[in-house]
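The chain contents come next:
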Amino acid sequence: KDAWLSNSFKIIHPPPLLSRRYDGPFQRWQAATSTSETESSDEHGPTIPEDIQLAIQNVAIDVWGGQDALDRVMASALQGEMPLPPNIAFKQRYSYFLNEAERGDARAQHSAGLLLWSGFGLVGIDPEASARWHAAAAIQGNVDALAVLGGCIRTGTGVGKNKNIVLGINCIDYAATVGNPSGVNKKAAMLESNDDWFGAARLYEQCYNDETTRKNALLLFNWGYCLVKGKGVEQNVDAGEAIWKQAVDMAPDEGSEEAAYFLHEQYVTEDEGEARRWLEISAELGHQEAVELI
């Protein structure tokens with residue numbers, strides 16, 4: 001759990017019209033939108049503040065090796081992770097996401113970046129490639145990717161000379177403030193690293209209970225973990241396990257493989273058949289420990 005995390009509320013508006021606006025000698029891109037400052041459950045998120053946009057743009061240009069290379073992978077500003085079509089097997093998802101990422105889909109860029117960071121899905125861990133894809137998605141307006149990129153910038157992971165603790169925290173804080181689940185996860189992880197489980201659990205719970213916010217599988221895994229283990233909140237194993245099952249239902253999104261593995265561990269001494277079922281799901285999603293046990 002600790003290793004997983006250290007890798008590390010709102011009004012719904014109609015989707016805004018998005019356009020690219022280039023200015024200056026470096027063709028700097030900004031999303032021209034008129035959304036509110038809170039993230040809704042529709043595909044288009046809030047407008048990222050201009051100071052953060054410009055700062056992460058410089059990081060993105062550097063990690064991609066230039067504006068021209070970056071421009072070739074920009075096409076959309078959709079939020080969250082990319083849904084996997086039912087005809088694509090879990091073990092083939094990285095290839096699918098990578099193909100769509102190269103065509104400019106910000107969700108696919110975020111999804112490919114997550115797999116390159118975690119190594120799940122039998123993908124080789126590559127922090128630099130992960131940071132590149134998250135940078136490409138973030139400057140297109142994907143707030144989930146912005147939160148993850150903020151973590152990379154804060155720690156200097158995969159971003160070369162672009163380590164910037166203040167900018168990284170600003171990216172995470174902004175994403176969490178607008179209720180983005182990846183922002184909440186990253187901000188809570190920082191609290192956990194300081195042993196503030198109460199503060200982390202409060203963030204998870206608030207996002208989980210807010211009916212107007214989008215959830216992701218990792219948020220469900222994290223909140224379920226707090227409940228099962230009694231971390232920062234009164235222990236409630238049944239409720240936590242139920243939330244882990246909700247996370248698995250979101251497979252193959254990040255956090256679903258971890259939730260399945262922890263469900264396996266919960267059942268292993270009580271119901272071998274049920275434990276095996278969750279283990280097989282986790283292994284199919286490419287969780288390395290589950291693969292080794294299978």
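Analysis parameters
- Here the residue numbering is sequential within each chain, running from 1 through the sequence in written order.
- For this predicted model, a pLDDT threshold of at least 70 governs which residues receive local features, and a threshold of 80 or more governs which side-chain atom pairs are given and counted, while totals over whole chains, interfaces and linings are taken from all residues.
- The side-chain values count all of the structure's non-hydrogen atoms but skip hydrogen atoms and water molecules.
- What counts as a ring pair is set by centres within 6.5 Å for rings of Phe, Tyr and Trp (its six-membered ring), and what kind of pair is set by the plane angle: stacked under 30 degrees, edge-to-face over 60, tilted for all other angles.
- A run of H or I in DSSP becomes a helix once it reaches four residues, and a run of E becomes a strand once it reaches two; helices and strands are each numbered from the N terminus.
- Three labels apply to residues, based on accessible area from a 1.4 Å probe with only protein chains included: buried if under 20% of the type maximum, exposed if over 50%, partly exposed otherwise in between.
- Think of it as a cone above the ring: NZ of Lys or CZ of Arg counts as a charge over the ring if it is within 6 Å of the ring centre and within 35 degrees of the ring normal.
- Think of pLDDT as the predictor's per-residue confidence, scored from 0 to 100.
- Contacts were defined at the residue level, with two residues in contact if any of their heavy atoms lie within 4.5 Å.
- Take a side-chain nitrogen of Lys or Arg and a carboxyl oxygen of Asp or Glu: if they are within 4 Å of each other, that pair is a salt bridge.
- Helices are assigned an expected span. That span is 1.5 Å times one less than the residue count.
- Residues belong to one nonpolar core when they are buried, are Ala, Val, Leu, Ile, Met, Phe, Trp, Tyr or Cys, and are joined through side-chain atoms within 4.5 Å.

Asker: When you look at the packing of aromatic side chains in this model, what are you seeing that I'm missing?
Answerer: Each pair of aromatic rings is reported with the distance of its centres and the angle of its planes. Under the definition given, this model contains eight aromatic pairs. Where Trp244 meets Phe262, the ring centres are 5.5 Å apart and the plane angle is 70°; that geometry is what we call edge-to-face. In this pair, Trp244 sits in helix 12 (residues 237-249) while Phe262 sits in helix 13 (residues 256-267), placing the two residues 18 residues apart along the sequence. Take Trp244: its relative accessible area is 0%, and that puts it in the buried class. Ring pairs connect the aromatic residues Trp197, Phe221, Tyr225, Trp244 and Phe262, which therefore count as one cluster. Its guanidinium or amino end placed over the ring of Trp278, Arg277 lies 4.3 Å from that ring's centre, counting from NZ or CZ.

Asker: Honestly, the confidence of the model for the protein chain in this entry has me stumped. Any pointers?
Answerer: One rule of thumb: low pLDDT means the predicted coordinates there are not for detailed reading. Put simply, the protein chain has an average pLDDT of 85, and 84% of its residues get 70 or more. Note that residues 1-38 has pLDDT below 50 and, in this model, 109 contacts with residues that lie over four places away or in other chains.

Asker: In this structure, what is going on with the pattern of salt bridges? I would like to understand it.
Answerer: For side chains of opposite charge, pairing can occur when their charged atoms come near one another. Counted according to the given criterion, the structure contains seven salt bridges. Glu274 is the salt-bridge partner of Arg277, the closest N and O atoms lying 3.0 Å from each other. Pair noted here: Arg277 and Glu274 are both in helix 14 (residues 272-284), with a separation of three residues, about one helical turn.

Asker: Hey, could you run me through helix 11 (residues 217-229) in this one?
Answerer: Each α-helix winds once per 3.6 residues, and so residues spaced three or four apart point in a common direction. In this model helix 11 runs 18 Å from its N-terminal to its C-terminal C-alpha over 13 residues, within 8% of the 18 Å that 1.5 Å per residue would give. Counting buried positions along helix 11 yields twelve of 13 residues, so the element is predominantly enclosed. Count one or two residues on from helix 11 and you reach Gly230, which has phi positive near 70°.

Asker: Help me out: how do you make sense of helix 2 (residues 50-64) in this one?
Answerer: Between its first and last C-alpha atoms helix 2 spans 21 Å; for 15 residues at 1.5 Å apiece the expected length is 21 Å, and the two agree. Taken residue by residue, helix 2 has Ile52, Gln53, Ile56, Gln57, Val59, Ala60, Ile61, Val63 and Trp64 as its buried positions. Phi turns positive one or two residues past the end of helix 2, at Gly65, with a value near 85°.

Asker: In this structure, what is going on with unusual backbone geometry? I would like to understand it.
Answerer: As a rule of thumb, non-glycine residues mostly have phi less than zero, and peptide bonds are mostly trans rather than cis. With an omega dihedral of 10°, the bond running from Ala251 to Pro252 counts as a cis peptide bond. Position of Pro252 among the secondary structure elements: in the loop between helix 12 and helix 13.

Asker: Honestly, the nonpolar core in this entry has me stumped. Any pointers?
Answerer: Soluble globular proteins tend to bury their nonpolar side chains together. Counting residues in each nonpolar core, the largest one holds 44 residues, and the members touching the most others are Ile56, Leu70, Trp133 and Leu146. Put simply, the parts of the chain that give this core at least two residues each are helix 2, helix 4 (93-102), helix 5 (106-118), helix 6 (127-139), helix 7 (143-155) and helix 8 (165-177). If you tally residues by element for this core, the top one is helix 6, at eight residues. Setting aside residues up to four positions removed in sequence, Leu146 forms contacts with Ile48, Ile52, Ile56, Ala138, Cys171 and Tyr174. With 33 residues, the next largest nonpolar core counts Ala188, Phe221, Cys226 and Leu279 among its residues.

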